[in-house]
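These are the residues of each chain, in order.
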Amino acid sequence: MAYRDDRQAMALQLAELERENERLRGEIESFEERLGRVMHERQELQHARSRRSCVLCQGSLLPVAVFAGHDMRAPIPMRMSTLRFVSPAGGFTRSAPVRSFVCSTCGFIHNFVDITEPVVAESED
């Protein structure tokens with residue numbers, strides 16, 4: 001009879017350990033979900049800050065215009081092909097404007113491809 005009691009005690013202990021294991025797995029999943037949300041929020045915050053302060057010296061950024069071409073009376077605005085980017089409005093755009101900011105402290109020029117605003121195609125009449 002002692003064998004049956006030991007076996008029953010081990011089965012009860014095994015069942016208890018399996019319940020605790022499931023509880024711990026649930027806690028781990030909830031921690032992983034919370035970690036994912038926190039990491040996503042930090043990434044969004046860092047993305048929002050990237051246009052407000054310099055990544056090199058944390059100085060303030062000021063907008064500047066960067067143009068192409070040699071004729072100062074008829075500058076060509078800088079644009080970048082976005083055929084590989086999806087437009088937020090849906091579909092693909094041909095090109096997106098390049099926005100530039102200069103750091104007021106160190107003078108570093110930060111360039112951003114502005115794919116957040118939908119580009120209206122010029123109508124050819």
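Residues numbered from 1 in each chain as written. Predicted model: local features only at pLDDT ≥ 70, side-chain atom pairs only at ≥ 80, totals over all residues. Heavy atoms only, no water.

### Points about the side chain of Ser-100
So, step 1. Within the secondary structure, Ser-100 is located in strand β5 (residues 95–103).
So, step 2. In this structure the side chain of Ser-100 is engaged in a polar contact, spanning 2.6 Å, whose partner is the side chain of Asn-111.
So, step 3. Dropping the residues within four chain positions of it, Ser-100 is found in contact with Leu-62, Pro-63, Val-64, Val-66, Ile-109, His-110 and Asn-111. (Helix = DSSP H or I, 4+ residues; strand = E, 2+ residues; numbered from the N terminus. Polar contact = N/O pair within 3.5 Å; in protein donor to acceptor, adjacent residues only side chain to side chain. Contact = heavy atoms within 4.5 Å.)

### Concerning the side chain of His-110
So, step 1. Within the element layout of this structure, His-110 appears in strand β6 (residues 109–113).
So, step 2. Here His-110 falls in the buried class, since its relative accessible area comes to 8%.
So, step 3. The residues contacting His-110, other than those within four sequence positions of it, are Cys-54, Val-55, Leu-61, Arg-99, Ser-100 and Phe-101. (Buried < 20%, exposed > 50% of the residue type's maximum accessible area, 1.4 Å probe, protein only.)

### A word on the pattern of salt bridges
Close approach of charged atoms allows side chains of opposite charge to pair.
So, step 1. Taken as a whole and judged by the stated rule, the model has two salt bridges.
So, step 2. In this structure, Glu-20 and Arg-23 form a salt bridge, with 4.0 Å as the shortest nitrogen-oxygen distance. Highlighted residues: Glu-20 and Arg-23, both in helix α1 (residues 2–49), separated by three residues, approximately one helical turn.
So, step 3. Look at Glu-20 and you get partly exposed, because its relative accessible area is 37%.
So, step 4. In this structure, Glu-27 and Arg-23 form a salt bridge, with 2.6 Å as the shortest nitrogen-oxygen distance. (Salt bridge = Lys/Arg side-chain N within 4 Å of Asp/Glu carboxyl O.)

### Notes on a nonpolar patch on the surface
So, step 1. Residues Val-55, Leu-56 and Phe-108 make up a contiguous nonpolar surface patch of roughly 310 Å² in combined accessible area.
So, step 2. As for its placement among the helices and strands, Leu-56 is situated in the loop between α1 and β1 (61–64).
So, step 3. Using a relative accessible area of 57% as the deciding quantity, one classes Leu-56 as exposed. (Patch = residues over 30% accessible without salt bridge, like charges linked within 9 Å, V, L, I, M, F, W, Y side chains within 5 Å. Areas by Shrake-Rupley, 256 points an atom, 1.4 Å probe, with all protein chains shown as cover.)

### A closer look at the confidence of the model for the chain
So, step 1. Per-residue pLDDT for the chain averages 78, and the proportion of residues at 70 or more is 71%.
So, step 2. Across the chain, the element-wise mean pLDDT spans from 63 in strand β4 (residues 79–81) up to 89 in α1.
So, step 3. Note that pLDDT drops below 50 for residues 121–125; the model gives that stretch one contact with residues more than four away or on any other chain. (pLDDT = per-residue confidence, 0-100.)

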